[in-house]
Amino acid sequence: IVRLAGLHTLAIKVFPGATNLPLWVAEAYGFLRARGLALDIRDTAGSVEQLTELIAGEHDLVMTLMDNVVAYASGQGEVAAAGDSDLVAVIGSDDGFSRLVVQPDISGLPDLRGRTLSVDAMTTGLAFVLRRLLALNGVEESTVTFVPAGGVLQRWQAMMAGRHAATLLVTPFEFMAEPRGLRVLARGSDAVPRYQGNVIATRRRWAQDNTDRLVAFCAAWLDALDWLFEPANRAAAIDMVCANMPDMARPIAARTCDVFLSPGGFARDGACDPAAVSGVLELRRAYGPAGGVLAGPDAFVDARYVARARELLAG
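Residues numbered from 1 in each chain as written. Predicted model: local features only at pLDDT ≥ 70, side-chain atom pairs only at ≥ 80, totals over all residues. Heavy atoms only, no water.

(A) Representation of the packing of aromatic side chains. Enumeration over the complete set of coordinates arrives at six aromatic pairs. An angle of 20° between the planes, with centres 6.2 Å apart, marks the rings of F128 and Y287 as stacked. Of this pair, F128 sits in helix 4 (residues 127-136) while Y287 sits in helix 12 (residues 274-287); the two residues are 159 residues apart in sequence, bridging distant segments of the chain. Judged by relative accessible area, which is 1%, F128 ranks as buried. When its relative accessible area of 18% is taken as the criterion, Y287 is described as buried. (Phe/Tyr/Trp six-rings, centres within 6.5 Å; stacked < 30°, edge-to-face > 60°. Helix = DSSP H or I, 4+ residues; strand = E, 2+ residues; numbered from the N terminus. Buried < 20%, exposed > 50% of the residue type's maximum accessible area, 1.4 Å probe, protein only.)

Encoded structure:
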């Protein structure tokens, strides 16, 4: 097992929400500390803030959508970013758990014509998934209005306030919206069956300069996943969600863990799925600002760190 001398704090910028559960577990149950690490977990209001600050060197790691990594590494981000934009995903977490949530008066996707839909940012993240969902259901983009509204928490708050007709939310926010009559109309997987959602990403130079720390972090992440998928820990996992999201009722936390810890939930091996990364690239080639000018999946993923962590844990 990788153990580092002393205790080193890694700064990681994340979107608020229960998808951070492996991070919370790794910290609370000592998997990070056992390897000489601690986390400074910082919430972000949106992908622009998160990625530009990573590129500027203000954070060591981010947990973000794979598409955001591709966008900023390829010079296609929502804004120009000053700094080291040689970004790379080192851990694959999930498929994004994206759900199209709509107001109570929307009965089908055609009802979205003439309405306002919110996204994080127009040229990154799940905006392309939403656009593909519309296209597959015959809803022309010219008939809707897109509004950049920030991260999932900000979009959920706007939906709860009735400011937008629909948006893509991430589990458990669709469950938290149900008491207001909002409901799930479709899933991101309906548009893209294989899609790499959340990843842990960093700058390549930082990864090279901090290999031992990054491998230790990957090992702690895998330990946290092993703990989460142990049936005997299910109640404690629900407790962890409630502790970190105090406004969430326990039954919703339980439904959330059911999603995360079922087949199709968190990736047990911490790997980015090449076919799912290809799904991200296919959408960006279709809807991104530079069309088909993109490298292949290997240009945006470095699997060596998590692979090294798996070897150490196995041996």
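(B) Structural context of the sheet that holds strand 10 (residues 198-203). If you trace the five strands from one edge of the open sheet to the other, you get 2-1-3-10-4, paired in mixed fashion. The sheet is open, and its two edges are formed by strand 2 (37-43) and strand 4 (87-92), each paired on a single side. Within this sheet the neighbouring strands show an average axis-to-axis angle of 30°, counted without direction. Here strand 1 (residues 8-14) runs beside strand 2; their pairing, made up of seven bridges, is parallel. By the bridge assignment, L10 is partnered in strand 2 with L39. (Pairing = 2+ DSSP bridges. Axes fitted to C-alpha atoms, helices over the stretch in contact; angles between N-to-C directions.)

(C) Representation of the packing of helix 1 (residues 21-28) against helix 9 (residues 211-228) in the model. In the contact formed by helix 1 and helix 9, the axes pass within 8 Å of each other and the chain directions differ by 100°. Classified by the interaxial angle, the pair formed by helix 1 and helix 9 is roughly perpendicular. Contact residues: helix 1 offers L21, P22, L23, V25 and A26, while helix 9 offers F217, A220, W221, A224, L225, W227 and L228. In the contact of helix 1 with helix 9, the residues fall into twelve nonpolar, no polar and no charged. (Parallel < 35°, antiparallel > 145°, perpendicular 65-115°, else oblique. Contact = heavy atoms within 4.5 Å. Nonpolar A, V, L, I, M, F, W, Y, C, P; charged D, E, K, R; others polar.)

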